[in-house]
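Descriptive structure summary
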Amino acid sequence: MHVVATAGHVDHGKSTLLRAMTGMEPDRWAEEKRRGLTIDLGFAWTTLPSGRDVAFVDVPGHERFLGNMLAGLGPTPVVLFVVAADEGWQAQSGDHRDAVAALGIEHGVIVLSRADRAAAGADVIADVLADVRRELASTGLADAPAVTVSAVDGTGMAELAAVLDEVLCALPDPTRDGPVRVWVDRSFSITGAGTVVTGTLSSGTLRVGDHLSVVGRDGARPVTVRGLQSEGRPAEQLEPASRSAVNLRGVGAAEVERGDALVTPDAWWTTTVVDVRRVGGTGFEDVPEHVTAHLGSAALSARVRPFGQDHARLTLDRAVPVSVADRLVLRQPGERILGGALVLDVDPPALRRRGDAARRGEELAALTPATQVAVEVARRGAVELGLLRRMGIPGGVPDGVLVEGGWLVDPGALAAWARHLADLVADVHRTQPLSPGLNRSAAGDLLGLPTDAVLDLVARTAGLVSEGGYLRSPDHGGLGAAEAAVARLEQRLAEQPFLAPGADDLTAAGLGARELGAAERAGRLLRFGDGVVLLPDAPARAMRVLAGLDQPFTTSDARQALGTTRRVVIPLLEHLDRRGWTRRLDGVLRQVVR
């Protein structure tokens, strides 16, 4: 399926043309039919000679309904630009041209309607077409095919269908496996079905049962796709580009409005601030501070901060799911179109210092699709590939950029982080010689690193060892001033492995809780219970002795066999129980687990 919008001056026959092409009535409201004037969006569809389905979005041409026109044209990639052959180019033709230019629409057909009314025939029509092409010269429709038609007597209608077929055949394939985004243009309730929203599916594939989000003025609401229709027919899935009617569970019809977006959760960057480049129209320094920005079917109040004539920052009145390369149409509230804006950055840096705005303008002026990934990596130091996809930034890994665990890392930032981390670890070793090193979590926070994967890369670059949740220098493993006392204790326990020194002996040797803890972390000692200190191999040596006892055995049997005291043997046996090496049978007896 394909979706095509109309465009053109009021009363130039857009709705009449669609009636003739589809046999359907695009005007939905009684007032529209009474006045013969399209006020809101209308919808119709047909099958072209090739068998290709095409759905039409009919937009109003009157200047009072410019916002409604933009809601229909915004999400639509193809346009029938209609100019009456008997009247030629008119005021609202210019508004619609400016919208087409701002949105970057490059595919469509120029339709010279009402040929039956044109006096003097072919010569007049040729002059009108030449004028239309001059007016469209700055748009993507400058070289679009043109067809002269009369919806009244049928002149040119078969040719129009054939030409439109050729245009649609040449369109690039849409992204079917990307995230869903449907800009809502209607929301209503059907008895027995509940909430239904409609819109043009421009990316991704919709399926019954999908869990999506509706993003609107009150934030994002989780919803489930209960059912799908397109062109009045039920469907299990819909692919782009198609007109989609989506029956939703989890939200009321009154809670969704035109301009909301139905999206794949966590797949789109949702923001109120974007940096943009001018697309035609008035320079940013000459536009009002407050404008209306049209994105998809949404009309948003926006504040403009210029960075010169060609670049600016837009602050929107609510968060919307926006992507790099999205197009916005800017207009003065209630008035004509000012121009367009191409989104360059959906997460721009804060401007805090004098001169930041000028520098930002220079950065944006130099930004191209080819440099965008490298610029993001350099600005952030490290950026996740998934984040770039959410932002809509295309491209692979630039030369010189490092890849680590799904993150792109800037070599310059990596070197700076590594130097800083090495200094932090050295400072810990100097001021806290008994510490095992710098806590990994603290290191990540101090350097502002986004993930453990990047921290690991920084630590390796700095030549550090990661062990037990700490980072240390490879040559740091001694116990400083406690080394001699720990060595003497090791010698004592090697000779009498189960005669642990008492608290007074340890204190006299200068071995307090900090020193013993450092020795245990270094694998030099093992602590049990309340102040019992043995060598790390004491449990294994004890098991060799206990295995030689008659089974089961008592605590007293174990104490005598090990040549120790109850102060030592009880926590030692409890340790062996926890390890599953011995099993307690009752309040007195244990046995070795074989």
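Data block above holds the structure.
Residues numbered from 1 in each chain as written. Predicted model: local features only at pLDDT ≥ 70, side-chain atom pairs only at ≥ 80, totals over all residues. Heavy atoms only, no water.

Among the residues of helix H15 (residues 513–521), Glu515, Leu516, Gly517, Ala518 and Ala519 are the ones counted as buried. Against helix H13 (483–495), helix H14 (503–508), strand S28 (526–528) and strand S29 (532–534) lie the buried residues of H15. Residue glycine 523 follows H15 closely and has a positive phi angle near 80 degrees. (Buried < 20%, exposed > 50% of the residue type's maximum accessible area, 1.4 Å probe, protein only. Helix = DSSP H or I, 4+ residues; strand = E, 2+ residues; numbered from the N terminus. Contact = heavy atoms within 4.5 Å.)

Okay, the sheet that holds strand S6 (residues 146–148) next. In space, the six strands of this open sheet follow the order S2-S3-S1-S4-S5-S6, with mixed pairing throughout. Unpaired on one side and paired on the other, strand S2 (42–47) and S6 mark the two borders of the sheet. On average, adjacent strands in this sheet sit at an angle of 25 degrees to one another, irrespective of strand direction. Judged from the three bridges that link them, strand S5 (residues 107–113) and S6 form a sheet pairing that is parallel. Looking at the pairing, valine 111 lines up with valine 147 of S6. (Pairing = 2+ DSSP bridges. Axes fitted to C-alpha atoms, helices over the stretch in contact; angles between N-to-C directions.)

Using the criterion set out here, one finds 33 salt bridges in the structure. We note a salt bridge from glutamate 363 to arginine 360, for which the minimum N-O separation is 3.1 Å. With a gap of three residues between them, glutamate 363 and arginine 360 both fall in helix H7 (residues 356–366), about one helical turn apart. Overall, arginine 360 belongs to the buried group, its relative accessible area being 5%. A salt bridge links aspartate 537 to arginine 541; the shortest N-O distance between them is 4.0 Å. By sharing partners, the salt bridges in this structure join Asp275, Arg313, Asp345, Asp347, Arg360, Glu363, Glu376, Arg379 and Arg380 into a single network. (Salt bridge = Lys/Arg side-chain N within 4 Å of Asp/Glu carboxyl O.)

Ring pairs (aromatic) are described by centroid distance and by the angle formed between their planes. Tallied over the full model, the rule gives one aromatic pair. Ring centres of phenylalanine 81 and tryptophan 89 lie 5.7 Å apart, and the angle between their planes is 5 degrees; on these two criteria the pair is classed as stacked. Neither phenylalanine 81 nor tryptophan 89 differs from the other in exposure class; each is buried. (Phe/Tyr/Trp six-rings, centres within 6.5 Å; stacked < 30°, edge-to-face > 60°.)

Below, the discussion takes up the pairing of strand S3 (residues 53–58). Buried residues dominate S3, accounting for five of its six residues. Pairing of strand S1 (residues 2–7) with S3 involves four bridges; the strand directions are parallel. Its bridge partner being in S3, histidine 2 is matched across the sheet by valine 54. Bridge count between S2 and S3: six bridges; the pairing is antiparallel. Residue pairing across strands places threonine 46 opposite valine 54, the latter belonging to S3.

The subject of this paragraph is the sheet that holds strand S19 (residues 311–322). Taken together, six strands build a closed barrel; the order of strands is S16-S19-S18-S17-S20-S21 and the barrel is antiparallel. Averaged over all pairs of adjacent strands, the angle between strand axes in this sheet comes to 40 degrees, irrespective of strand direction. Both strand S16 (residues 269–279) and strand S21 (residues 337–345) contribute to a ladder of five bridges, which runs antiparallel. Paired with valine 276 across the bridge in S21 is valine 343. Relative to the sheet, helix H3 (residues 66–73) contacts strand S17 (290–295), strand S20 (327–331) and S21, its axis offset from that of S20 by approximately 175 degrees.

For the rest of this paragraph, the subject is the environment of valine 454. Positionally, valine 454 belongs in helix H12 (residues 452–461). What makes valine 454 buried here is its relative accessible area of 0%. On a C-alpha basis, the gap between valine 454 and arginine 278 in space is 37 Å, while along the polypeptide they are 176 residues apart. Setting aside anything within four residues of it in sequence, one finds valine 454 in contact with Ala382, Trp407, Val409, Trp417 and Leu449.

This next bit is on the side chain of histidine 2. Positionally, histidine 2 belongs in strand S1. With a relative accessible area of 18%, histidine 2 lands in the buried category. Ignoring sequence-local partners within four residues, the contact set of histidine 2 consists of Arg52, Asp53, Val54, Ala55, Leu168, Leu171 and Ala241.

Take the nonpolar core next. Core analysis: the biggest nonpolar cluster contains 39 residues, and Val276, Phe284, Leu314, Leu328 and Val346 have the highest contact counts within it. Ranked by the residues each element gives to this core, the list is headed by S19, at five residues. With 35 residues, the next largest nonpolar core counts Leu70, Ala71, Val83 and Ala115 among its residues. (Core = buried A, V, L, I, M, F, W, Y, C linked by side-chain atoms within 4.5 Å.)

Interpretation note: all reported values are geometric properties and have no functional meaning in isolation.
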